[in-house]
Amino acid sequence: MFNYLTTASRLFLRNIVPISSRCNYNIICRFYRRMDRAVVRCVPWESKLTISFVLDGSNKHMLRDQTEELGKALARIANSIIKGQGKAKKYKKNKGASTDAQEPPAPVRLYYNGDFVAEDAINSDAWQDGAILHVGDSKYTVERNPPTFTTAELPVSLLAGFPVCPKLKVEFGDLKDCRFKWFKESKSGAGDEELRGENGWTETGSERVFIPSNMDIGSKLKLTCTPGDGKRCGMDKELVTTGTVEAGPGSCTFDNRHMYTNKVTDDMTIRVVSYNILADVYAQTDLSKTVLYPYCTPYALELDYRQSLIKKELSGYNADLICLQEVDKNVFSDSLSPALDAFGFDGVFRIKEKQHEGLATYYRRSKFKLLSQHDVMLSEALTSDPIHEELLDRVNSNPALKEKVTQRSTTLQVSVLHDLNDPSKKICVANTHLYWHPKGGNVRLVQMSVALRHLQQVITQSYPDASLLFCGDFNSTPSSGVFQLVNQGVLHTTHPDWNSNGADELCPMEVVHPFQLSSACGEPAYTNYVGGFHGCLDYIFMDPRVLRVDQMIPLPSHQEVITCQALPSVSHPSDHIALVCDLRWK
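Residues numbered from 1 in each chain as written. Predicted model: local features only at pLDDT ≥ 70, side-chain atom pairs only at ≥ 80, totals over all residues. Heavy atoms only, no water.

A.B. asks: Quick rundown of the sheet that holds strand 5 (residues 115-116)? Include the residues and the values.
C.D. replies: Spatially, the seven strands line up as an open sheet ordered 3-2-1-7-6-4-5, and their pairing is mixed. Every interior strand has two partners, whereas the edge strands, strand 3 (58-65) and strand 5, have only one. As judged from the four bridges shared by strand 4 (residues 108-112) and strand 6 (residues 132-135), these two strands associate in the antiparallel manner. Residue pairing across strands places arginine 109 opposite histidine 134, the latter belonging to strand 6. (Pairing = 2+ DSSP bridges. Helix = DSSP H or I, 4+ residues; strand = E, 2+ residues; numbered from the N terminus.)

A.B. asks: I'd like a description of the sheet that holds strand 13 (residues 237-240), backed by residues and values.
C.D. replies: Taken in spatial order, the four strands make up an open sheet running 11-10-12-13, and their pairing is antiparallel. Each of the sheet's edge strands pairs with one partner strand only, and the pair in question is strand 11 (201-205) and strand 13. Adjacent strand axes in the sheet meet at a mean angle of 25°, parallel and antiparallel pairs treated alike. Looking at chain direction, strand 10 (residues 179-185) and strand 12 (residues 221-226) are connected through six bridges and run antiparallel. Looking at the pairing, tryptophan 182 lines up with leucine 223 of strand 12. (Axes fitted to C-alpha atoms, helices over the stretch in contact; angles between N-to-C directions.)

A.B. asks: Which residues make up the packing of aromatic side chains, and what are the values?
C.D. replies: Counting across every chain of the model gives 14 aromatic pairs. Ring centres of phenylalanine 332 and phenylalanine 349 lie 4.9 Å apart, and the angle between their planes is 25°; this geometry places the pair in the stacked category. Residue phenylalanine 332 is found in helix 10 (residues 329-342), and its partner phenylalanine 349 is found in strand 16 (residues 345-351); the two are separated by 17 residues along the sequence. What makes phenylalanine 332 buried here is its relative accessible area of 13%. Note on tyrosine 435 and tryptophan 436: the rings are 6.3 Å apart at their centroids and 65° apart in plane angle, and the pair reads as edge-to-face. Given the relative accessible area of 9%, tyrosine 435 is considered buried. Accessibility expressed as a relative area gives 58% for tryptophan 436, which makes it exposed. An aromatic cluster is present here, built from Phe470, Phe474, Phe483, Tyr539 and Phe541 joined pairwise through their rings. In this arrangement the basic side chain of lysine 222 is found over the ring face of phenylalanine 183, its NZ or CZ atom lying 5.0 Å from the centre. (Phe/Tyr/Trp six-rings, centres within 6.5 Å; stacked < 30°, edge-to-face > 60°. Buried < 20%, exposed > 50% of the residue type's maximum accessible area, 1.4 Å probe, protein only. Lys NZ or Arg CZ within 6 Å of the ring centre and 35° of its normal.)

A.B. asks: Please give an account of the pattern of salt bridges that cites residues and values.
C.D. replies: Summed over all chains, the structure comprises 24 salt bridges. The salt bridge partner of glutamate 171 is arginine 41, with a shortest N-O separation of 2.6 Å. In this pair, glutamate 171 sits in strand 9 (residues 167-171) while arginine 41 sits in strand 1 (residues 37-41), placing the two residues 130 residues apart along the sequence. On the basis of relative accessible area, glutamate 171 is assigned to the buried category, the value being 19%. Put simply, aspartate 320 and arginine 364 hold a salt bridge, and the shortest N to O gap is 3.6 Å. (Salt bridge = Lys/Arg side-chain N within 4 Å of Asp/Glu carboxyl O.)

A.B. asks: Summarise the environment of glutamine 551; cite the residues concerned and give the values.
C.D. replies: Within the secondary structure, glutamine 551 sits in strand 29 (residues 547-552). The partly exposed category is assigned to glutamine 551, whose relative accessible area is 25%. It is 9.3 Å that separates the C-alpha atoms of glutamine 551 and arginine 584, two residues lying 33 residues apart in sequence. Setting aside chain neighbours within four positions, we find glutamine 551 in contact with Tyr260, Arg271, Cys581 and Asp582. Reaching out from glutamine 551, the side chain makes a polar contact with the backbone oxygen of tyrosine 260 at a distance of 3.3 Å. (Contact = heavy atoms within 4.5 Å. Polar contact = N/O pair within 3.5 Å; in protein donor to acceptor, adjacent residues only side chain to side chain.)

A.B. asks: Outline the packing of helix 13 (residues 399-406) against helix 14 (residues 441-462), listing residues and values.
C.D. replies: In the contact formed by helix 13 and helix 14, the axes pass within 10 Å of each other and the chain directions differ by 65°. One finds that helix 13 runs roughly perpendicular with respect to helix 14. Classified by chirality, the crossing of helix 14 by helix 13 is right-handed. Residues Leu401, Lys404 and Val405 of helix 13 form the contact with helix 14, whose participating residues are Asn442, Val443 and Val446. Within the contact of helix 13 with helix 14, the residues separate by chemical class into four nonpolar, one polar and one charged. (Parallel < 35°, antiparallel > 145°, perpendicular 65-115°, else oblique. Left-handed = near helix turned anticlockwise from the far one by under 90°. Nonpolar A, V, L, I, M, F, W, Y, C, P; charged D, E, K, R; others polar.)

A.B. asks: Talk me through a nonpolar patch on the surface; I want residue IDs and the actual numbers.
C.D. replies: A surface patch of nonpolar side chains, about 270 Å² in accessible area, is lined by Leu287, Val291 and Leu292. Looking at the element boundaries, valine 291 is found in helix 8 (residues 286-292). (Patch = residues over 30% accessible without salt bridge, like charges linked within 9 Å, V, L, I, M, F, W, Y side chains within 5 Å. Areas by Shrake-Rupley, 256 points an atom, 1.4 Å probe, with all protein chains shown as cover.)

A.B. asks: Residues and numbers for the state of the cysteines, please.
C.D. replies: Evaluated as defined, the whole model comprises zero disulfides. Of all cysteine sulfurs, the one in cysteine 521 lies closest to cysteine 581, which takes part in no disulfide; the gap is 4.1 Å. Residue cysteine 581 is classed as buried on the basis of its relative accessible area, which comes to 0%. (Disulfide = S-S within 2.5 Å.)

A.B. asks: Residues and numbers for the packing of helix 14 against helix 15 (residues 481-488), please.
C.D. replies: Their axes nearest at 9 Å, the elements helix 14 and helix 15 cross at an angle of 25°. Between helix 14 and helix 15, the crossing angle belongs to the class labelled roughly parallel. Crossing handedness for the pair helix 14 and helix 15: right-handed. Across the interface between the two elements, Arg444, Leu445, Met448, Ser449 and Leu452 of helix 14 pack against Gly481, Val482, Leu485 and Val486 of helix 15. The residue makeup of the contact of helix 14 with helix 15, split by class, is six nonpolar, two polar and one charged.

A.B. asks: Just give me the short version of the nonpolar core, but keep the residues and values in it.
C.D. replies: Counting 45 residues, the largest nonpolar core has Leu412, Met448, Leu455 and Phe470 as its most contacted members. Considering every element that reaches this core, the biggest residue donor is helix 14, with 10 residues. Those residues within four positions of methionine 448 in sequence are excluded, and the remaining contacts are Leu434, Phe470, Phe474, Val482, Leu485 and Val486. Within the second largest apolar cluster, 41 residues are counted, among which are Leu309, Ile322, Leu336 and Leu340. (Core = buried A, V, L, I, M, F, W, Y, C linked by side-chain atoms within 4.5 Å.)

Below, the structure written as structure tokens:
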């Protein structure tokens, strides 16, 4: 019915029709899809603009200088049509078909508000939203900078019962205003054409995240997504999975835990997760496959498989704060962030120097706002920040210890947030992963001393009313010097961890810090369970003067953990177990 919108119609739709409901917005999106479009991308910080449209089934995409005169751009469009006609004529001639005389080039004109746009106008001014491009008998409504997907991808691993989260980035729009339709491939041999759906696809959902069922096993999935900004819609993007939905692993170690977290928390409660998710860069080594985790089925160590489990596990906790360790750089950007964004989280990432993995802190954006970040590499802070001068002098007295400490890329991620419902409630969220070696207790003590002094400076100088929440994989058992230092506020020179690697690295010192911290999840029997070791290495430390523990989410039963001998397994994606607890403001 409509080949293009007049300027008046367009203004009516954009400025007069109230976009007060999703219904109105959907009507406009359907209306936009019924017309031919010429999409123009023109932003002031780039020298070029792009013009894209479809003519006779062929996609036209041109890159032109913004300062170029319109007439040259229109002439380029006309020339491309002539070239297309020439190729078609040559094809006919090669096929032995008769060819007519050369057709005159189609007139190419641009109109705005019903008037012809002067050809000496520069491109950046000429291609206005609502202009009409005439290419022969075809007419296109110009859409300048409409909502557009710059990234749109589907994950490779598809498991029944596990969320499928597309990776999406939109320009000139917002993901919350985008529309989604999921389809599954209709099984061949289905006799009822209506049941099979249009073109062999059956619509199955309309949310951003889709969870396939056992009925979808063996089928591919298709996603049609429409970018939007709440007032207008961009061009649809259609994505089809490369593989089919596979059967899930059945019951997972976190399924029972989700029964305690099936609802989001209230305004006075903060649900916190701390989790070492096992970086792929470590999971795929020969050492991991043959020595560390020989009991783990090979496919269960694959990144795509483990990511499917991790995304389901994290989404089911309905957390407010999530601190992750051993996060691969690409996993943060390509997998976790797209998924957790769909579940309402924003996140920040800090990579370890000279490493491919690091730390990630996510926060529920409806509950918290990020105020600032104060990340440091602990060895660098020790040697360069004057606040550590006394500690550095002591470490310098033992060259062997100093070398070991300064070689480490251990990082402290610090994010200060405030509660959106009550901005006076500020929380300093620290996240770290200390040195791993079993004989490295002395190194970890130095690292923790640097971390606590840095946190003291951040809070004292910038946020004196903030409460400290310290999460991570500390690679330290409850009997360690690190745990004693954090939990008791002081560590004496006599603690055996100063001598953890023999006399050559012995450098005893007394360390104190001003915080009052306790382990919100207590001292579990283990948070890390592999074939040759199990022990409690992970903690969520909080200030009991400001927060109290409402509930600690029970860890998986021992039987669940050892079902496949140890971790990771087909039902658990990491060699660590997530700590989850609800903390309540006092």
